[in-house]
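Each chain is listed here by its residues.
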Amino acid sequence: MDRRDFLRKSAIGTLGLTLSPALFNSCGTSVSKGTSSDRLQLSFKPYDLKLKHAFNLAKSSRTHTPDVQVQLRFGEWTGYGEASMPPYLGETQESVCRFLGQLDLKQFTDPFRMEEILDYVDSVAPDNRSAKASVDIALHDLVGKIMGQPWYKIWGLSPEKCPDTSFTIGIDTAEVVRQKLREASPYNVLKIKMGLDNDKELVKIIRSETDRPICVDVNQGWDNKEYALEMIQWLSEQNCLFVEQPMPKEKIDEQAWLHERAPLPIIADEFLQRMPDVRRAYGLYDGINIKLMKSTGMREAYRMAILARALDMKVMIGCMTETSCAISAAAQLSPLAHWADLDGNLLISNDLFDGVKIVEGKITLLDRPGIGVVPL
């Protein structure tokens, strides 16, 4: 049996499920290219993610995150993907839909040619990282379903090595922080957003309620290297595991100075986008935070993790505010990570998928093909 017959007749990929057609067809912004069942067909639709609490960072605040949901069909199978667009990525629902509308995926009749397909997607226009990630995720989901295997198995990874995921506590009032701590009771690690004048006060509130380990994300909020060092030294006494992006990403010399002196690991986030940035981060940071929306998806994220580990750097798998679709995709990589922050789906009230589970605070991968999601 040749590959085309296999794709048509195999009974393995029977989980080619679909979201409600209304989601993709109601407002005319979806696109389906190609009419033959043996060609890739893409559709997409804007979707707003509603946050349970206002998401307060050092330099911004929001109550929702714009998102685009993607389907990639081939024959009887459907792969799911998404693009999530927090403000600092510089993408919008309009720009993502415009980019996706330029793609001519009907030219591809073999979804297993993933390198060729994703190289084409990457070549259509520069940047547009979350838009590219949405196609990458959907393609991985599609091919995994055809193969009948989850991607952590295809990559040869051990689910027993999945780390705990942190649960994010944003910058807020003492009352709201305590409420968030109650919501975070099932999680073993807390991620604390910092970068304002009340950083120590926030940690003291948390320490009055729990002694669980924390990690700190400053989102470039500390402009002064001496102050950053003072804060990291203080945090090292507060059961803190690491500090993420303490200083503005363009302050290279100051970050090098801080890296030489800090008693805690410093993890690159905004500094790091794609594969070439891993080597740029080497010697400036102790580790990297890989996010699918920055890296253009699972293919490049996997390569970044392998390179970072080869350079003896720490690997963190992170996320934006996302549905369980992108979170479950990122979770396929989590056995490669020292730390994970995959709680974006837990922070929204309108998830569209059932996917990866958190059991006693630990990422627990499901034995479902592809990225492991089922539409709700």
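Every value quoted in this text rests on a predicted model; they were computed, and no experiment measured them.

### Some details on the pairing of strand β10 (residues 314–317)
As a general feature of sheets, a regular strand has side chains that alternate between the two faces.
Next up, step 1: Judged from the four bridges that link them, strand β9 (residues 287–290) and β10 form a sheet pairing that is parallel. Looking across to β10, one finds that Ile 288 is bridged to Val 315.
Next up, step 2: Of the pairings in the sheet, the one linking β10 to strand β11 (residues 339–340) comprises two bridges and is parallel in character. Bridged to Ile 317 within β11 is Ala 340.

### A word on the sheet that holds strand β6 (residues 214–217)
Next up, step 1: Strand order in this open sheet of eight strands is β4-β5-β6-β7-β8-β9-β10-β11, and the pairing throughout is parallel. One side of each edge strand has no neighbouring strand; the edge strands of this open sheet are β4 (166–169) and β11.
Next up, step 2: Sheet contacts for helix α9 (residues 225–235): β6, β7 (240–244) and β8 (266–268); angle to β7, the most-contacted strand, approximately 160°.

### A closer look at the packing of helix α7 (residues 174–183) against helix α8 (residues 199–209)
Next up, step 1: At a minimum axis separation of 10 Å, α7 and α8 run at an interaxial angle of 45°. One element, α7, and the other, α8, form an angle in the oblique class. In terms of crossing hand, the pair formed by α7 and α8 is right-handed. Along its contact with α7, which presents Ala 174, Val 177, Arg 178 and Leu 181, the element α8 presents Leu 202, Ile 205, Ile 206, Ser 208 and Glu 209.
Next up, step 2: Among the residues forming the contact of α7 with α8, the class breakdown is six nonpolar, one polar and two charged.

Conventions used here
- Within every chain, residues take consecutive numbers counted from 1 along the sequence as written.
- Only residues with pLDDT of 70 or above have their local features reported here, since the model is predicted, and side-chain atom pairs are shown and tallied only from 80 upward, although totals for entire chains, interfaces and linings are computed over all residues.
- By convention in this description, side-chain values take in all heavy atoms of the structure and omit both hydrogens and water.
- In this scheme, strands are said to pair when DSSP sees at least two bridges between them.
- Runs of H or I in DSSP of at least four residues are treated as helices and runs of E of at least two as strands, each being numbered from the N terminus.
- Working rule for contacts: check all heavy atoms of both residues, and any pair within 4.5 Å makes them a contact.
- Every axis corresponds to a line fitted to the C-alpha atoms, with the helix fit spanning only the stretch in contact, and the corresponding angles, defined between N-to-C directions, vary from 0 to 180 degrees.
- The scheme is simple: roughly parallel for angles under 35 degrees, roughly antiparallel for over 145, roughly perpendicular for 65 to 115, oblique for anything else.
- The crossing is said to be left-handed when, going from far helix to near helix, the turn is anticlockwise and less than a right angle, and right-handed when the turn is clockwise.
- Asp, Glu, Lys and Arg are counted as charged, while Ala, Val, Leu, Ile, Met, Phe, Trp, Tyr, Cys and Pro are counted as nonpolar; the rest, among them Gly, fall into the polar class.

So far we have only geometry, and geometry alone does not tell us how the molecule works.
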